[in-house]
Amino acid sequence: MPSKNINILNTLSVGITKFPGDISLNYDNPPKLVMKLTQEAAGFSNPINMQDNRACFEAWCLIIKAQTSNPGLKIELDLLDEDEDEEDITVASYFGGKPANGHLGRFLYRILKFSEQYKQWFELSHTLEVLKDNFKNYLNNPSGFVTSAPSDEPKKDRANYNLESYVEYLFCDSISAQKDILNLPSGTTIDRQLPVSLFEGTKSSTSGVFTGGKSAIDFWALDGDTINVYELKSDNPMVGIITEIFFYSNYVHDVFIRKNLDHGKGCVKTEFGTYRSYNKINGKQVKGIMLSNSNRKGWHSSLGKPTRKEIERIMNANGMHKAIQYEFLEYQLNPLEIGGYYISK
């Protein structure tokens, strides 16, 4: 990472050892830290996935807040100025309406929710504030929004699963894992690969607001009147797990519980479907659970146990009256002598 970023993080007593060079930090006006992303990270051009280290601003903000020695630290999010051959992002870059692509749609939704829920210490630059407000106005679209139900069950050819898909299958198939690791009651509804798409008006190839296709929550479960949403990592240490669970938890809360995207505006209808228990998703609150193996290549080096505990505290102080809560959870990933893996507490 650039030496300036290192110096700033050291000044704040933040022990991040791997910080993306594409993100710029500025601490010229304490106690405000300015974090600037590229336009690719925001989805304006050549968009990158939100869980990428260069794009997961929620994760870096929360890690910095959890580790800093300055409890009064405030963080402002902004976008970097571009090279001479590219235009900078300005208030004229998005006037409202359906975002140009699903990555931009998710980014605008994320900055709307994050700036609302953590306004006591997080804010947006003037430009991003205007773009966020334009998106907020767009959500009052009289056409409303619809989701896309799963069109089939998860693939059953386990021999072709990657590691995380296989572990996901184990959690959803093993009653003992659900009880001992996930602390779920017996007989609960649990299923895999919940789509997180969104369309304006009607579902079509041109009406997508968020990314579609393979964009999905790893697995989910009903725990009484709580919808548990799980973001799973297996030998895949990423800070982006935080950004993913933040987006997914807000999506599930707005779509399946509130049924609107912004305090009564942005009405959402869920497409009817029975595959993957889609028609059974119902509850009064959401718990977003970040789930990783603790052995082997488990948590990211910036997510040690004290940091995770403090991030939980900060995330849960979101002004949502416990409508959305978060938790880190871990398991053991164990190899079998005959090949494959099993999971344990």
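One can find the structure itself at the top, above this paragraph.
Each chain carries its own residue numbering, running from 1 in the direction its sequence is written. Where local features are concerned, this predicted model is filtered to residues with pLDDT of at least 70; where side-chain atom pairs are given and counted, the filter is 80 or more; whole-chain, interface and lining totals use all residues. The side-chain quantities take in all heavy atoms of the structure and omit both hydrogens and water.

A. Highlighting helix α1 (residues 3–11). Under the scheme applied here, a residue whose accessible area is under 20% of the maximum for its type counts as buried, over 50% as exposed, and between as partly exposed, the area being computed with a 1.4 Å probe on protein chains only. Secondary structure follows DSSP: runs of H or I at least 4 residues long count as helices, runs of E at least 2 residues long count as strands, and numbering of each begins at the N terminus. Among the residues making up α1, those that are buried are N5, I8 and L9. Projection of α1 onto a plane perpendicular to its axis shows the buried side chains occupying an angular sector of 95°, all on one side. Structural note: α1 exposes S3, N10 and T11 on the side pointing more than 90 degrees away from its buried face. For α1, the secondary structure elements touched by its buried residues are β1 (24–29), β2 (32–37) and α3 (57–67). At the exit of α1 stands S13, carrying a positive phi of roughly 60°. As used here, the arc belongs to the directions running from the helix axis to the C-beta atoms. We call two residues in contact when some of their heavy atoms are within 4.5 Å.

B. Summary view of the sheet that holds strand β12 (residues 285–293). If DSSP finds at least two bridges between two strands, the strands pair. Strand order in the open sheet formed by six strands is β6-β8-β9-β12-β13-β14, with mixed pairing between adjacent strands. The sheet is open, and its two borders are formed by β6 (190–195) and β14 (341–344), each paired with just one other strand. Averaged over all neighbouring strand pairs, the angle between strand axes comes to 35°, with direction disregarded. Sitting on the sheet, helix α6 (residues 163–173) touches β6, β8 (216–223), β9 (226–233), β12, β13 (324–335) and β14, and the angle it makes with β6 is about 140°. What counts as an axis is a line fitted to C-alpha atoms, over the stretch in contact for a helix, and the angles between N-to-C directions run from 0 to 180 degrees. Of the strands in this sheet, β6, β8, β9, β12 and β13 are in contact with helix α8 (residues 241–258), which crosses β9 at around 155°.

C. A look at unusual backbone geometry. Here P30 and P31 are connected by a cis peptide whose omega angle stands at 5°. Examined against the element boundaries, P31 turns out to sit in the loop between β1 and β2. Positive phi, close to 60°, is recorded for N183, a residue that is not glycine. Along the polypeptide, N183 turns up in the loop between α7 (175–180) and β6. Exposure remark for N183: the relative accessible area of 48% places this residue in the partly exposed category.

D. Broad picture of the pairing of β2. With four bridges connecting them, β1 and β2 associate as antiparallel partners. Following the sheet pairing, S24 is matched in β2 by K36. Hairpin remark: β1 followed by β2, antiparallel, with two residues in the connecting loop. In this structure, β2 lies alongside strand β3 (residues 74–79), joined through six bridges in parallel fashion. Opposite K36, over in β3, you have D78 as the bridge partner.

E. A look at the sheet that holds β3. Pairing in this open sheet of four strands is mixed, and the strands run β1-β2-β3-β4 from one edge to the other. Either end of the sheet is taken by a strand with one partner, and the two such strands are β1 and β4 (122–124). Pairs of neighbouring strands in the sheet enclose a mean axial angle of 25°, with direction left out of account. Each of β2, β3 and β4 touches α3; the most contacted strand, β2, lies at about 155° to it. Packed on one face of the sheet, helix α4 (residues 102–117) meets β2, β3 and β4 and runs near 135° to β4.

F. Local environment of the packing of aromatic side chains. When the centres of two rings from Phe, Tyr and Trp lie within 6.5 Å, Trp using its six-membered ring, the rings pair. Their planes under 30 degrees apart give stacked, over 60 give edge-to-face, and anything left gives tilted. The tally for this structure, following the rule as stated, stands at 26 aromatic pairs. Relative to Y138, the ring of F135 lies with its centre 6.0 Å away and its plane at 40°, an arrangement referred to as tilted. Of this pair, F135 and Y138 are both found in helix α5 (residues 126–138), three residues apart, which corresponds to roughly one turn of the helix. Judged on exposure class, the residue F135 and its partner Y138 are both buried.

G. Inspection of the packing of α3 against α4 at higher detail. Look at α3 against α4: their axes get within 11 Å of each other, and the N-to-C directions meet at 30°. On the basis of their axis angle, the class for α3 and α4 is roughly parallel. Of the residues in α4, those in contact with F57, E58, C61 and L62 of α3 are F107, R110, I111 and F114. Polarity classes work like this: nonpolar for Ala, Val, Leu, Ile, Met, Phe, Trp, Tyr, Cys and Pro, charged for Asp, Glu, Lys and Arg, and polar for all others, with Gly in that last group. Taken together, the residues that form the contact of α3 with α4 break down as six nonpolar, no polar and two charged. Each angle receives one of four descriptions, namely roughly parallel if under 35 degrees, roughly antiparallel if over 145, roughly perpendicular if within 65 to 115, and oblique otherwise.

H. Here's a closer look at empty space enclosed by the protein. Any residue with an atom within 4 Å of a point lines the site, the site being either a cavity, points on a 1 Å grid over the protein atoms alone where a 1.4 Å probe fits but cannot get out, or a pocket, an open set with protein on both sides within 12 Å along at least 5 of 7 lines. Grid points are joined across faces, edges and corners, and a volume is the space filled by probe spheres set on the points. For the structure shown, the criterion picks out one cavity of 30 Å³ or more. When its volume is computed, the largest cavity comes out at roughly 40 Å³. Every residue lining the largest cavity is listed: A41, A42, G43, I48, M50, H103, R106, F107 and R110. Only α2 (39–42) and α4 provide two or more residues apiece to the lining of the largest cavity. When its residues are assigned to classes, the lining of the largest cavity shows five nonpolar, two polar and two charged.

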